[in-house]
Every structure is written in C-alpha cells, then in structure tokens.
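Each chain is listed here by its residues.
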Amino acid sequence: AGTVRVLSQDDLSTVGVINDLPNVGDVVGDSERGLVWIVYRHFASEPDSLGGVVLLDASQDTVVREWRVGGPTRIALDASTGSAYVLHASGIDELQLEGTQRRVIDHESTTSGDTWYSIYFDQVTRHLVIGNARQFVTDGEVLEYTTDGQFIGSVGVGLNPTAISR
C-alpha cells in the first residue's frame, strides 16, 4: 500500500512511480485521453481520514487532479465524456475532467441487508449499473439508475456481484 507503479506495455518495466496513495482499491484507464483514474482508501491507522480519487496523465506520469471522497471503493468510466462515477460510503458521485464533482445518488450501505459492491457505466444505455452484495451470504442484485439518480429497476443475481459488463 502507498505506491502505484506505472509499467511499460512492452516489457512490464517500471517507467514511473506515484507515492502516497494508501490502499489503492480500483484503477480504470481512459485510453482515448491517455488518463488513468485511481481510487484509494484512507489509512487504516487513521480511520477518520478520507480516501479519494486521483486522475493521472499516463504519458507525463503526473497527477492532473485529485478529489477527496469518504470511503471510495470502485470507479466506472463514461468513455464518451471522460467523466468517471465513483462508488463511495455515501453514494455515487460524478467526477468531471475539469474538476467538478456532482452527487448522483445518495446511499449508505448498511448491515441491514444492503451493500453496494461494484459499479459499471453502460455506454449503450448511458445508465449506471450497481452490484448490491446485500449481506454477502444471500444472493445479490444488480440495480440500474440514470446518471441523474433515477432508479430504473433491479434483477436478482448470485453472491457478491463484483464485475458487470455488457
């Protein structure tokens, strides 16, 4: 924890290092723009600290922007706009390339049977798809929302819906 290594596609050698990102939880590349979105969690030794999201310019190996977000876990990319949607302790926010942050859905996962576990952006419908692991011991569900936070519907699935794709 604490270091992200940027590797060469050719020989997997380290071409760059980003320090001071504790507990990296998710990484999503935007090949069209040459950017990488990195989600990191807080220091376990400092439970009141925030995590966040870093936007990295892959060609320059530099941090372009950083957003502080409480308890971020996963991120999904809208490839057409370059915006990203981050799943965190209080719901889902849209992070835009110019630096703005907009709350899309207010939601707190609880122990009463609801744990949002994964997120996917559907490029065709332009909707957010969320994996709800519920209590991790019963079958989960996949939820669909618009990017304005309107609930579309849900479907039951197996345990812990981690990866979603079209």
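Shown above is the structure to which this text applies.
Each value, and the rule that gives it
- Residues numbered from 1 in each chain as written.
- Predicted model: local features only at pLDDT ≥ 70, side-chain atom pairs only at ≥ 80, totals over all residues.
- Heavy atoms only, no water.
- Pairing = 2+ DSSP bridges.
- Helix = DSSP H or I, 4+ residues; strand = E, 2+ residues; numbered from the N terminus.
- Axes fitted to C-alpha atoms, helices over the stretch in contact; angles between N-to-C directions.
- Salt bridge = Lys/Arg side-chain N within 4 Å of Asp/Glu carboxyl O.
- Buried < 20%, exposed > 50% of the residue type's maximum accessible area, 1.4 Å probe, protein only.
- Contact = heavy atoms within 4.5 Å.

1. Quick word on the sheet that holds strand β12 (residues 127-132)
1) Next: With antiparallel pairing, the four strands of this open sheet are ordered in space as β11-β12-β13-β14. In this open sheet, the two edge strands, each paired with only one partner strand, are β11 (116-122) and β14 (151-156). The average undirected angle you get between the axes of adjacent strands in this sheet is 20 degrees.
2) Next: Across five bridges, the pairing between β12 and strand β13 (residues 141-145) is antiparallel. Paired with G131 across the strands is V142, a residue of β13.

2. Some points on the pattern of salt bridges
1) Next: Under the criterion given, the structure shown has six salt bridges.
2) Next: We note a salt bridge from D78 to R126, for which the minimum N-O separation is 2.5 Å. Within this pair, whereas D78 is found in the loop between β7 (74-77) and β8 (84-88), its partner R126 is found in the loop between β11 and β12, the two being separated by 48 residues in sequence.
3) Next: Note on D78: relative accessible area 1%, which makes it buried.
4) Next: Salt-bridge contacts for E141 lead to R134; the nearest nitrogen and oxygen are separated by 3.0 Å.
5) Next: If you follow the salt bridges from partner to partner, you end up with D93, R103 and D106 in one network.

3. Concerning the environment of G99
1) Next: With respect to the helices and strands, G99 occurs in the loop between β9 (91-95) and β10 (101-106).
2) Next: In this structure the C-alpha to C-alpha distance between G99 and E66, which are 33 residues apart in sequence, comes to 8.1 Å.
3) Next: Excluding its chain neighbours within four sequence positions, the residues that come into contact with G99 are R65 and W67.

4. A look at the environment of V53
1) Next: For V53, the position within the fold is in strand β5 (residues 51-57).
2) Next: Classification of V53 as buried rests on a relative accessible area of 0%.
3) Next: Excluding residues within four positions of it along the chain, V53 makes contact with W37, I38, V39, Y40, R65, E66, W67, I75, V86 and L95.

5. Description of the pairing of β13
1) Next: Of all five residues that make up β13, four are buried, and the element is covered over most of its length.
2) Next: As defined by bridge partners, β13 adjoins β14 across five bridges and the pair is classed as antiparallel. Looking across to β14, one finds that E141 is bridged to G156.
3) Next: Hairpin connection of β13 to β14: five residues between the antiparallel strands, including G149 at a positive phi of 90 degrees.

6. Overview of the sheet that holds β9
1) Next: A sheet is described by the order of its strands in space; here four strands give the open sequence β7-β8-β9-β10, paired in antiparallel fashion. The open sheet has two edge strands with one neighbour each: β7 and β10. Geometrically, the sheet is characterised by an average inter-axis angle of 25 degrees between neighbouring strands, direction not taken into account.
2) Next: Here five bridges tie β9 to β10, and the two strands are oriented antiparallel to one another. Following the sheet pairing, G91 is matched in β10 by D106.

7. A look at unusual backbone geometry
1) Next: Notably, L12 is not glycine yet its phi reads approximately 60 degrees, a positive angle.
2) Next: When its relative accessible area of 59% is taken as the criterion, L12 is described as exposed.
3) Next: The residue R126 is not glycine, and still its phi comes out positive at about 65 degrees.

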